[in-house]
Amino acid sequence: MNSQAPYDEKKVLQLIAAGDAAAFHRLVDTYWKKVYGHAMSYMKSPRNAQELTQDVFVKIWQQRTQLTGIEHFKSYLFIVSRNQIISAIRRKLRETSLDEDFDLPEDLLQPDRQLHYKEVMGWINKGIDALPPMRQQVFRMSRIQGMTHEEIAQQLGIARNTVKQHIVLALNALREHLRQYTDIAPILIAFIFLDR
């Protein structure tokens, strides 16, 4: 496909449906930043956001034969992105001690919930500020700066298991802190602070 030709999305989707890799790369180039920005607003980690963005486009390629029947690709892309984010949250809930008997709300990513989650972020920041200094530092390095356990251990001169323990204790403290505000605290903690 000629990359200099005007972008004709319907034509691009038809070519992708037929297995045209060049057209697929054109689609990825067109929407990568948008999907990545969407993922980053929820993942809070460049690495996690990049992996999720890759997963979104892999999913689209795997289901490429359906593309010719899609009237509004941007809406389709948003739905695929949302579903990948929800799947990532559900996987994390199954893997961590935060897993409890609850269902992830399907409206988690709806625009009208954004104000609520900004408010929750304020509650979370208050909880982080209340942590002991070392635990707060380790938690911020992991969940805010996106550093691995090994990188934190090396920088602070502590054992990797000590880093892990600080993070587990911080998450437990934040879960208890958020219970005074909302009954879905475990979901929000797992959602905003997915494991690195």
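Residues numbered from 1 in each chain as written. Predicted model: local features only at pLDDT ≥ 70, side-chain atom pairs only at ≥ 80, totals over all residues. Heavy atoms only, no water.

### Topic: the packing of helix 1 (residues 9-17) against helix 2 (residues 21-43)
Then comes step 1: Contact pair helix 1 / helix 2: the axes reach a minimum separation of 8 Å and the direction vectors enclose 130 degrees. Regarding the angle of helix 1 to helix 2, the classification is oblique. Considering how the two elements wind past one another, helix 1 and helix 2 form a crossing that is left-handed. Residue-level contacts link E9, V12, L13, L15 and I16 of helix 1 to A23, F24, L27 and Y31 of helix 2.
Then comes step 2: Of the residues that constitute the contact of helix 1 with helix 2, the class distribution is eight nonpolar, no polar and one charged. (Axes fitted to C-alpha atoms, helices over the stretch in contact; angles between N-to-C directions. Helix = DSSP H or I, 4+ residues; strand = E, 2+ residues; numbered from the N terminus. Parallel < 35°, antiparallel > 145°, perpendicular 65-115°, else oblique. Left-handed = near helix turned anticlockwise from the far one by under 90°. Contact = heavy atoms within 4.5 Å. Nonpolar A, V, L, I, M, F, W, Y, C, P; charged D, E, K, R; others polar.)

### Description of the side chain of Q136
Then comes step 1: With respect to the element layout, Q136 can be found in helix 6 (residues 133-144).
Then comes step 2: Not counting chain neighbours up to four residues away, the residues in contact with Q136 comprise I128, D129 and L131.

### Quick word on the pattern of salt bridges
Then comes step 1: The full count for this structure, using the stated rule, is two salt bridges.
Then comes step 2: In this structure, R140 and D129 form a salt bridge, with 2.7 Å as the shortest nitrogen-oxygen distance. Taken together, the residues span a long stretch of sequence, with R140 in helix 6 and D129 in helix 5 (residues 114-129) at a distance of 11 residues.
Then comes step 3: We note a salt bridge from E150 to R160, for which the minimum N-O separation is 2.7 Å. With a gap of 10 residues between them, E150 in helix 7 (residues 149-156) and R160 in helix 8 (residues 160-179) connect regions that are remote in the sequence.
Then comes step 4: With relative accessibility at 44%, the residue E150 sits in the partly exposed group. (Salt bridge = Lys/Arg side-chain N within 4 Å of Asp/Glu carboxyl O. Buried < 20%, exposed > 50% of the residue type's maximum accessible area, 1.4 Å probe, protein only.)

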